[in-house]
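Remarks on the overall topology
Given next are the chains, with one letter for each unit.
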Amino acid sequence: MSVTGFPAAGQKPAAGRRDPHPETVAVVAPHLARRPRTGGVSTTRWFTPWLLLAPALIWLLVFSIWPSLNTIRMSFTNAKPLGGAERFVGLRNFIDILGDDQVVGALLNSVVFMVVCLPLLTILPLFIALLVEKKLPGIAFFRTAFYTPVIASAVVVALIWTFMLDDRGLVNGLAEALGILKEPLPFLTDRWLIIISAVSLVVWKGLGYYMIIYLAALGNVGRDLHEAAAMDGAGAFRRFLVVTLPAVRGAMLLIAILVCIAALRVFSEVYVMTGGTGGAGGEAMTMVMLIQQYSRGFTGDLGYASALSILMFFVTLVPMLILARINSRSDA
Amino acid sequence: MKTIRTPLAVGATVAAAVLLAGCSSGSGEPGSDADASGAIDGSITFQTWSLTPTYQQYFDDAIAAFEKEHPGAKVTLVDQPGDGYSDKILSQASTDSLPDVVNLPPDFALPLAAQDFLYDASTTTDMEATYVKGAVDAFRFAGLDGVYGYPWYLGTDVNYWNAEQFEKCGLDPEKYPTTTDELFDQAAVMASNCDDTYLISRMPGIGDFTLEGIDVLNEDGTEFVFNTPEAAAIIDRYAEAYANKEMPPSVLNADYLGNAQLFTEGKVAWTTGGASSINDFEKNNPSLKGNVKIGPALNISPLYVQGVSVAAHSKELSTAVAFAEFITNADNQNEFGHIANVFPSSLGSADDPYFSEPDGTPSGDARTTAFGSLQTAEVLQPYVVNDAMSTYLNQQIALAVRGDITGQEALDKAASKMNDLLARQ
């Protein structure tokens, strides 16, 4: 008998002792009850764990696995929203993608967007977290201020930025009034200025969210480590490098992965800022905008849009694998 | 564990197979063999597009009159919001749950008719004897026999000019442009006299080619052929105006409603709009009251057609057909035209002086101007042009207007892409 009062493994309950789980025994089917027990706790029917898992499994199946499988299937067809004579087209959609200059442009925009966002949203929130983690009077105000943009709607924020960045908006008006600019900058019509504007918006809006993750990680860094490093003569910068950075490395990797995924999937910001057009010539269109363009409407090309989604999946996978590789090397 | 894994694996395989099979196209047979000559009774649903609560009373009265005429019939009105209506229709069709009678413009009706979701109205109704020919033709589609909608109300665009800005920028508001040449000439004068006011704030589109008599599609409707030097010249003219700062930079991102929004804000002196747009302008910017001149659209006026279609699989087909005929009959169309400032498509309605004689109000002027234009109005954009096609064309035109490529390059590229997309349909 174990010290807990439960029978030890392989040990029968002592005769005359009350079973600690009478209700469990009561629901065990007779044919199962006759099985030799291998554990101390009485067994249940074999499907009990599956029943407990069922809600999550069904959710996963219906909202994740099925749509994913369906997307793969549709990418090899000429599927249309209204059905009709859907047929297998082999690799045609993927071959068409290779010759589609819109895809090349959108892919470049999405990758540039990710490459610019990644360092900004991985490093800046750490510095902000380091600033606001200090226990100073009124510091809660700054924490709240940095977090406030996170709770605002992306569409509403993008609309406000659109008004500010318009050729007659606040930014251009102010710059012209101060004599910095003679002509308004085409923030909303030039390809790279649109990308930069959208990156600025995403960074401004995302800083607070990633700051919170860093704050949680910084809270786990023992003060004694900093004190020990200080006693060894390490300055503030050295302590940041040898104590703080290694301690938040896990959080940093998580943030980098989240930023990569979010940046490659950017849609609302660019869509709203360009009025849904992707800028002149659709030059600033991102991959998700392109997928939306092909899939919408009564005659949308779901097969092609699905093939684009598959491409997008693999594009998203690349930075994930690189980051995982970097992490495993660091661990080694 | 093995005993558990085996049924689980089999179950998962079966589930995946079922799900994959279930996600194949369509939801049963959309067509119907139901008879439209049966008794007019039972419950049907009538779906409108962004018409209530403004016209709720009209529809309540019309439905009550229909139900009184057919005591066994019950009509439920459902109104959908303006935004996302095509998505709503798409989801209804793909789940085989289209309302019995549904408000559809021809471009929405075409793909539904092609997939047998809509009832051929010409099988039970003499369309030509009931509605104006142009409106009936809008619901005839290449490659399909029949008419897939009951024409309802018609609309067209008129021009609105800001008289105050004309005067301020050295132009005579009584001599607003009546041709494209005059439009560009006056845009140049306005731009040279006023830094912050523009006359033109729209991008050329596929409709501009039709306006200039350029064929958009070949005769078979199988290939886009608008990439002609004449069409390129139209684009290049806009590009020249843009380069001369006669158009605002934001025009490159503008959609159809962009110029109306800028007109309402007082940033541009010209916009196109429907006959009822004047009410919106004056309501949203009271300073425009008394400052707006109204004239017919330049060249050919666009024809916008709204209709009601009957779902082919309606369980109460005879009632649905009867209601579609009822709501689009001359009396009901005239009454709706009076309250909504739109124009009836029923024969005989043209004699109504309400539409042809001005009443001295700006709204009345817009109505009579639009009604006059309607007699020669045309559908400017072929209904086969879908979102992806028009988006790509507009993107290429924007590049040309900005001066990155020539008009001809833009149109060649757009025509090539649009032909690819057409072939994929």
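Residues numbered from 1 in each chain as written. Chains lettered and ligands numbered in written order. Predicted model: local features only at pLDDT ≥ 70, side-chain atom pairs only at ≥ 80, totals over all residues. Heavy atoms only, no water.

1. Some thoughts on the sheet that holds strand E7 (residues 292-296) of chain B
Residue and element names in this part refer to chain B. Using the following cut-off: By this definition, two strands are paired if DSSP reports at least two bridges between them. In this text, helices come from DSSP runs of H or I with a minimum length of four residues, and strands from runs of E with a minimum of two, each type numbered from the N-terminal end. In this analysis an axis means a line fitted to C-alpha atoms, helices contributing only their contacting stretch, and an angle means the value between N-to-C directions, from 0 to 180 degrees. Residue contacts follow a heavy-atom distance rule, with two residues in contact if any of their heavy atoms lie within 4.5 Å.
Strand order in the open sheet formed by 3 strands is E6-E5-E7, and the pairing between neighbours is antiparallel. Single-partner strands in this sheet number two, and they are strand E6 (270-273) and E7. Recorded for the sheet is a direction-independent mean angle of 30° between the axes of neighbouring strands. Relative to E7, strand E5 (residues 158-162) runs antiparallel, the two being bridged by 5 bridges. Within the sheet, the bridge partner assigned to Asn162 lies in E7 and is Val292. This element, helix H15 (residues 362-374), spans E5 and E7 of the sheet and lies at about 15° to E7.

2. Topic: the interface of chain A and chain B
To keep things clear, this is the line we draw: Two parts lose some accessible area (1.4 Å probe) when they are put together, and adding that loss for both gives the buried area. Each reported salt bridge corresponds to a side-chain nitrogen of Lys or Arg within 4 Å of a carboxyl oxygen of Asp or Glu. Polar contacts, as counted here, are pairs of nitrogen or oxygen atoms within 3.5 Å of one another; within protein the pair requires one atom able to donate a hydrogen and one able to accept it, and residues that are adjacent in sequence qualify only if both atoms are side-chain atoms. Polarity classes work like this: nonpolar for Ala, Val, Leu, Ile, Met, Phe, Trp, Tyr, Cys and Pro, charged for Asp, Glu, Lys and Arg, and polar for all others, with Gly in that last group.
With 43 residues of chain A at the contact, the number on the chain B side is 43 residues. Of the roughly 3700 Å² buried at the junction of chain A and chain B (both faces included), carbon and sulfur atoms supply 57%. The largest contributions to the chain A side of the interface with chain B come from A:Leu82, A:Arg168 and A:Phe298, which together make up 21% of the buried area. The tally of links from chain A across to chain B stands at 5 salt bridges. We note a salt bridge from A:Asp101 to B:Lys413, for which the minimum N-O separation is 3.2 Å. Linking chain A with chain B are 12 residue pairs in polar contact (both at pLDDT 80 or more), by the criterion used here. Those elements that place two or more of their residues in the side of chain A that touches chain B are helix H3 (48-74), helix H4 (92-98), helix H5 (101-132) and helix H14 (287-295) of chain A. A per-element tally of the side of chain A that touches chain B places H3(A) first, with 6 residues. For the side of chain A that touches chain B, the class distribution of residues is 14 nonpolar, 14 polar and 15 charged.

3. Details of the confidence of the model for chain B
Residues and elements named next belong to chain B. So the rule is basically this: Each residue carries a pLDDT value, the predictor's own confidence for that position, ranging from 0 to 100.
Looking at chain B as a whole, the pLDDT averages 86, with 91% of positions reaching at least 70. Per-element confidence in chain B ranges from a low mean pLDDT of 44 for helix H1 (residues 2-22) to a high of 97 for strand E3 (residues 101-104). Of the regions scoring below 50 in pLDDT, residues 1-33 engages in 29 contacts with residues more than four places distant in sequence or in other chains. Predicted complex, confidence summary: ipTM 0.75, pTM 0.77.

4. Notes on the environment of A:Pro125
Residue and element names in this part refer to chain A. Worth spelling out the cut-off: Buried means the residue's accessible area, taken with a 1.4 Å probe over protein chains only, is under 20% of the maximum for its type, while exposed means over 50%, and partly exposed covers the values in between.
Counting through the fold element by element, Pro125 comes out in helix H5. When its relative accessible area of 0% is taken as the criterion, Pro125 is described as buried. Excluding anything up to four places from it in sequence, Pro125 contacts Leu120, Leu207, Tyr210, Met211 and Tyr214.

5. Things to note about the nonpolar core
The nonpolar side chains of a soluble globular protein tend to be buried, and buried together. Here is the rule: Only buried Ala, Val, Leu, Ile, Met, Phe, Trp, Tyr and Cys residues count toward a nonpolar core, and they belong to the same one when joined by side-chain atoms within 4.5 Å.
By size, the foremost hydrophobic cluster in this structure holds 113 residues, and its most contacted members are A:Phe113, A:Leu308, B:Leu199, B:Phe209, B:Phe224, B:Phe226 and B:Met418. Looking at this core element by element, the count peaks at 16 residues for helix H9 (residues 191-218) of chain A. Core analysis: the second largest hydrophobic core is formed by 80 residues, B:Tyr58, B:Val75, B:Ala113 and B:Phe326 among them.

6. Considerations on the packing of aromatic side chains
All names here are of chain B. This is how the line gets drawn: Pairing of aromatic rings covers Phe, Tyr and the six-membered ring of Trp, with a centre-to-centre limit of 6.5 Å; geometry is then stacked below 30 degrees between planes, edge-to-face above 60, and tilted otherwise. Two conditions define a charge sitting above a ring: the NZ of Lys or the CZ of Arg must be within 6 Å of the ring centre, and it must be within 35 degrees of the ring normal.
Within this structure, the stated rule accounts for 41 aromatic pairs over all chains. Each member of the aromatic cluster is reached from another via a ring pair, and the members are Phe46, Tyr55, Tyr58, Phe59, Phe66, Trp152, Tyr153, Phe323, Phe326 and Phe336. Arg367 extends its terminal NZ or CZ atom over the ring of Tyr354, reaching a point 3.8 Å from the ring centre. The ring of Tyr392 carries the charged tip of Lys417 above its face, separated from the ring centre by 5.5 Å.

7. Describing the side chain of B:Asn341
Structurally, B:Asn341 is set in the loop between helix H13 (330-340) and strand E9 (343-344). Here B:Arg367 takes part through its side chain, which lies 3.2 Å from a polar atom of the side chain of B:Asn341.

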